[in-house]
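A closer look at the structure
Here's the letter readout for the chains.
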Amino acid sequence: MDVVDCFLPAQTDDAAVTITAVAPAGLDGVLESLPPSAAAWARSSRFAATDDEVCPVPAGDGSLAAVLFGLGENSAAPGLAVGKLPRSLPAGNYRLGEGFADPALATVAWALGAYRFSRYRDDDRDPRRLVLPAAIDGAETAAVVDGVYLARDLINTPANDLGPAELAEAAAGLASAHGAVFSEIVGEALIGEGFPLIHAVGAAAASNRAPRLIEFVWGPAGRPQVTLVGKGVCFDTGGLDIKPARGMAMMKKDMGGAACVLGLAAMIMSCNLPVRLRVLIPAVENAIAANAFRPGDVFPSRKGLTVEIGNTDAEGRLVLADALALADEDSPDLLIDLATLTGAARVAVGPDIVPFYTDDDGLAEKLAARGRAVADPLWRMPLWRGYMPMLKSKVADINNVGSSPFAGSLTAALFLSRFIGSETTWLHGDIFGWNPSARPGRPEGGEAQAIRALFAFTKDRYRA
Ligand code: BES
Ligand code: ZN
Ligand code: ZN
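Residues numbered from 1 in each chain as written. Chains lettered and ligands numbered in written order. Predicted model: local features only at pLDDT ≥ 70, side-chain atom pairs only at ≥ 80, totals over all residues. Heavy atoms only, no water.

**Brief notes about the site of ligand 1**
The line we're drawing: Throughout this document, a residue counts as near a molecule or strand when at least one of its heavy atoms sits within 4 Å of that molecule or strand. Throughout this description, a polar contact denotes any pair of N or O atoms lying within 3.5 Å of each other; where both atoms belong to protein, one of them has to be capable of donating a hydrogen while the other can accept it, and for residues adjacent in sequence the pair is counted only when both atoms sit in side chains. The protein chains shown are the only cover counted for residues, whose accessible areas, like all others here, come from Shrake-Rupley with a 1.4 Å probe. Throughout this entry, Asp, Glu, Lys and Arg are counted as charged residues, while Ala, Val, Leu, Ile, Met, Phe, Trp, Tyr, Cys and Pro are counted as nonpolar. The remaining residues, Gly among them, count as polar.
In the neighbourhood of ligand 1, 16 residues make up the surrounding shell, with Lys243, Asp254, Asp313, Glu315 and Gly343 lying closest. Within the backbone of Thr340, a nitrogen or oxygen atom sits 3.4 Å from a nitrogen atom of ligand 1. Coverage of ligand 1 by the protein amounts to 78% of the 520 Å² it exposes when considered alone. For the shell around ligand 1, the class distribution of residues is four nonpolar, four polar and eight charged.

**Things to note about the coordination of the zinc ion (ligand 3)**
Note the following rule: Donors, by definition, are the N, O and S atoms found within 2.8 Å of a metal, the threshold being 3.2 Å for Na, K and Ca, and water is not counted, so a site can look incomplete. Labels for metal geometry use angle windows, namely 85 to 135 degrees for all angles of a four-donor tetrahedral site, and for square planar (four donors) or octahedral (six donors) sites opposite donors over 155 degrees apart plus all others within 65 to 115; sites meeting none of these are irregular. Only DSSP runs of H or I covering at least 4 residues are called helices, and only runs of E covering at least 2 are called strands; the numbering of each starts at the N terminus.
Surrounding the zinc ion (ligand 3) are the protein donor atoms Lys231 (NZ), Asp236 (OD), Asp254 (OD) and Glu315 (OE), which sit 1.9 to 2.4 Å from the metal. Around the zinc ion (ligand 3) sit six donor atoms, and with donor-metal-donor angles ranging over 77 to 174° the site reads as octahedral. The sequence motif formed by the donor residues of the zinc ion (ligand 3) is K-x4-D-x17-D-x60-E. Between the zinc ion (ligand 3) and the zinc ion (ligand 2) the interatomic distance comes to 3.2 Å, and Asp236 is a ligand of both metals. Of this pair, Asp254 sits in the loop between helix H9 (245–248) and helix H10 (256–270) while Glu315 sits in the loop between strand E13 (307–308) and helix H11 (316–329), and the two are 61 residues apart along the sequence.

**A few points about the packing of helix H4 (residues 103–114) against helix H5 (residues 138–156)**
Between two packed helices, the angle of one axis relative to the other and the distance separating the axes together describe the packing. Counted only if it meets this: Interaxial angle, 0 to 180 degrees, is taken between N-to-C directions of lines fitted to C-alpha atoms, where a helix line uses only the stretch in contact. With respect to orientation, any angle under 35 degrees is reported as roughly parallel, any angle over 145 as roughly antiparallel, any angle of 65 to 115 as roughly perpendicular, and every other angle as oblique. Here a crossing is called left-handed whenever its near helix is offset anticlockwise from the far helix by less than a right angle, and right-handed whenever the offset is clockwise. Contacts between residues were defined by any pair of non-hydrogen atoms, one from each residue, lying within 4.5 Å.
Contact geometry for H4 and H5: axes closest at 10 Å, N-to-C directions at 25°. Taken together, the axis directions place H4 and H5 in an arrangement best described as roughly parallel. Taken as a pair, H4 and H5 cross one another with a handedness that is right-handed. Of the residues in H5, those touching H4 at Thr107, Val108, Ala111, Leu112 and Ala114 are Thr141, Val144, Val145, Val148, Tyr149 and Arg152.

These figures capture arrangement, not role.
In structure tokens:
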């Protein structure tokens, strides 16, 4: 689905119905300002301005004259509530009227709610279009929405149509659209180039689904460098430590980190943020075959540490380890990785909140604040070095899983931290990448998490 299907330019000649946002406390005042018949309609419809309550108001001739939208008691932080509207209003054109505290966020929420995954089945609904409010940056809004749509489309595409090669194609397409320089290291070449862990995890996949390290670089050298790394496990069977059916069912989404990193890169490049951008995606399929890596195997890594495989299902941290080690080699100003890394992160904070790890207190505070402001919530977790001994191996420098079932998201983050120098400003987000059920602005299925917050944060940090 395309962003042009949800917006009309601010200067449009097309007629549009005005949507007025109302909190319960302001309802009487708003009703008094309406024509008497409209107010009577709202009253007889028992419209009470509760959370995302929608009240279409007819004109005398039966056409749609206006829409009232309830803010509920939460009117100070409406989040993505407006995302409900394109799912509930009839096809047509609309504009935001009074009562929207943050028209820019409301506009984004509209588009997030309008999204449909239409690769395999036409979305034959006529569009609900919102006139872009004159006061907001329409180009930036479209860039943000495009980035989210890109990430959702990639996550929703099943593994038979999105293996490592297709993920690389998507990255190459994005890179060429923005004049970025694309490259990749594929299959056996990973060994010669020094990425033994990416090679090991991806070894058992079919030859046309060979593991690879995808890369593109954008923006002039000399600008501060932001490096994004995304877990690109196109399908996670668990490997020889195979997942039960219930756990495997959604594992097409295990490239959610890569999808989100591409979405964020698209936003940064479209808006021409004053950074040099480097994107790294270790892309593999964690498959099962005679040449699969095994529990107990020991591999070297790009960083030089030897890694014992405690569990082949903890594959994400392995491919990220080699990619993060490379990312660290040219000392970026900021290193961000996003990954659907652990089930433990879901136990901790559920599907909606992204737990993140960093040693930089200022960064943590600012990022969480941006997340709240754009309704893309993140919550900081401790990189508690006291748990590092859980990752001890009897035969190698480190084991890829913790020795106890405790603190699974933390130990995964601690594992990653061993492949990055302590001078690097690093942030790791353990995302879910999926909406288990539909909510306003959050359709069921693949979801771009943390990237609207990270885009806002990056914009602030490098404001020209
Ligand atoms: N891709 C999974 C993590 C995951 C599972 C994310 C479900 C979102 C939903 C990852 O590769 C994995 O399997 N991790 C294991 C690690 C364990 C073996 C230490 C997990 O979380 O169970
Ligand atoms: Zn796994
Ligand atoms: Zn995985």
